[in-house]
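Notes for the structure review
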Amino acid sequence: MPGTTATPRALVVDDAAENRMLVSALLIQQGFEVDQAADGEAAVQAAEQTHPDLIVLDIGLPDIDGVEVCRRVRSFSDAHVLMLTAQDTELDKVVGFEAGADDYVTKPFSVAELVGRVKAVLRRATRTPATAPAAPATSRTFGSLTLDPLAREVTLDGQPLDLTRIEFDLLDTLTAEPRVAFSRAQLLERVWGPNWFGDDHLVDVHVSNLRRKLADDPRSPDFVCTVRGVGYRMGAGR
């Protein structure tokens, strides 16, 4: 992560002061330096200036909403974005993930749930090549799809593909071992980090977004194939 140092940095964005203080206090207990913003414009400006490792972002802001804030932040930052919302519908999750969010927590949330997600971010931020899965340095090609793991670039039919960090990491994991059928739990460990705290349905939502960008028909996919009763594996491409 771009802002990762010995002391990780977080940005808490919520228009309710009591919520900002609660989340900030929890993050400080976990070892973060914390900045705050009360609206979307201030959040984008703070993210540009402070380079946070983690952004806890309320979706319901008074000026521009959290989805648009996330979309703008993604143009210059690879921070882990944890969205907070009072709503819990599949549409909300899909829209948030399409904007580049990494995770989602529905309010009211438990302290244990938020702390668990934050600890997962810390583990991911401190992962090294020794603990992360090794990947060949050469590009990988599956039909019209090419992935360059070192440059973190993906092309489809020769055109660059705009993927979020999570989408790239999922595709990187699948293409590195194309004959392996990964369970959702294995993908969570590889992409989100070991002992991630949350619902493995998160994998399905990100896979759905990834397939959409690959123009991959979920009923008969060429790239990201479903293995019934297990999870996903890489296909041969088209």
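For the protein chain, the name recorded in an unreviewed UniProt entry is Response regulator transcription factor, with Solirubrobacter deserti as its organism.

If you tally the helices and strands in the protein chain, you get eight helices and 12 strands. A burial count over the protein chain gives 47% of its 238 residues as buried. Restricting the contact set of the protein chain to residue pairs at least 6 apart, pairs at least 24 apart contribute 58%. A total accessible area of about 11000 Å² is found for the protein chain, and carbon and sulfur atoms account for 51% of it.

Helix H3 (residues 66-73) packs onto helix H2 (residues 40-50) with a crossing angle of 25° between their chain directions and a minimal axis gap of 10 Å. If you check the angle between H2 and H3, you find them roughly parallel. By crossing handedness, the relation of H2 to H3 is classed as right-handed. On the side of H2, the interface is formed by Gly40, Glu41, Ala43, Val44 and Ala47, while H3 contributes Val69, Arg72 and Val73. Looking at the contact of H2 with H3, its residues break down into five nonpolar, one polar and two charged.

Roughly 430 Å³ of internal volume is contained in the second largest pocket. What lines the second largest pocket is a set of 19 residues, among which Arg74, Asp162, Leu163, Thr164 and Arg165 lie closest to the centre. Taken together, the elements giving at least two residues each to the lining of the second largest pocket come down to strand S8 (153-156) and helix H6 (165-176). When residues in the lining of the second largest pocket are grouped by element, the largest group, three residues, is from S8.

Looking at the element boundaries, Val105 is found in strand S5 (residues 103-106). Between the C-alpha atom of Val105 and that of Leu57, which follows or precedes it by 48 residues, the distance is 10.0 Å. Those residues within four positions of Val105 in sequence are excluded, and the remaining contacts are Leu82, Met83, Leu84, Thr85, Glu113 and Arg117.

This part takes up the sheet that holds strand S7 (residues 145-148). Read from one edge of the open sheet, four strands run S6-S7-S8-S9, paired in antiparallel fashion. The open sheet has two edge strands with one neighbour each: strand S6 (140-142) and strand S9 (159-160). Here four bridges tie S7 to S8, and the two strands are oriented antiparallel to one another. Across the sheet, the residue bridging to Asp148 is Glu153, located in S8. Its contacts with the sheet place H6 against S6, S7 and S8, and it is angled at close to 100° to S7.

Quick look at the sheet that holds strand S11 (residues 224-227) now. Strand order in the open sheet made by the three strands is S10-S12-S11, with antiparallel pairing throughout. Because the sheet does not close on itself, it has two edges, and the strands there are strand S10 (182-183) and S11. Pairing geometry for S10 and strand S12 (residues 231-234), over two bridges, is antiparallel. Bridge assignment links Phe182 to a residue of S12, and that residue is Tyr232. Packed onto the sheet, H6 meets S10, S11 and S12 and runs at close to 65° relative to S12. Docked against the sheet, helix H8 (residues 201-213) engages S11 and S12, running at close to 145° with respect to S11.

Quick notes on the rules
- Along each chain, residues carry numbers from 1 onward, in the same order as the chain's sequence is written.
- Only residues with pLDDT of 70 or above have their local features reported here, since the model is predicted, and side-chain atom pairs are shown and tallied only from 80 upward, although totals for entire chains, interfaces and linings are computed over all residues.
- Processing note: side-chain calculations cover all non-hydrogen atoms of the structure and skip hydrogens and water entirely.
- Numbering goes from the N terminus for both helices and strands, where a helix is a DSSP run of H or I of at least four residues and a strand is a run of E of at least two.
- Remark: exposure states derive from per-residue accessible area (1.4 Å probe, protein chains only) relative to the maximum for the residue type, with buried under 20%, exposed over 50%, and partly exposed in between.
- Throughout, a residue-residue contact means that at least one pair of heavy atoms, one from each residue, lies within 4.5 Å.
- Surface exposure here means Shrake-Rupley accessible area, sampled with a 1.4 Å probe, where a residue is shielded only by the protein chains that are shown.
- The convention used is that axes are lines fitted to C-alpha atoms, helices contributing only their stretch in contact, and that angles between N-to-C directions extend from 0 to 180 degrees.
- Roughly parallel means an angle under 35 degrees; roughly antiparallel, over 145; roughly perpendicular, 65 to 115; everything else is oblique.
- Should the near helix be turned anticlockwise from the far one by less than a right angle, the crossing is left-handed, and should it be turned clockwise, the crossing is right-handed.
- Polar here means any residue outside two lists: the nonpolar Ala, Val, Leu, Ile, Met, Phe, Trp, Tyr, Cys and Pro, and the charged Asp, Glu, Lys and Arg; Gly therefore counts as polar.
- In this analysis the probe radius is 1.4 Å and the grid spacing 1 Å, with only protein atoms considered; a cavity is a set of points the probe fits into but cannot get out of, a pocket is an open set with protein on both sides within 12 Å along at least five of seven lines, and lining residues have an atom within 4 Å of a point.
- Grid points are joined across faces, edges and corners, and a volume is the space filled by probe spheres set on the points.
- The criterion for strand pairing is that DSSP finds at least two bridges linking the strands in question.

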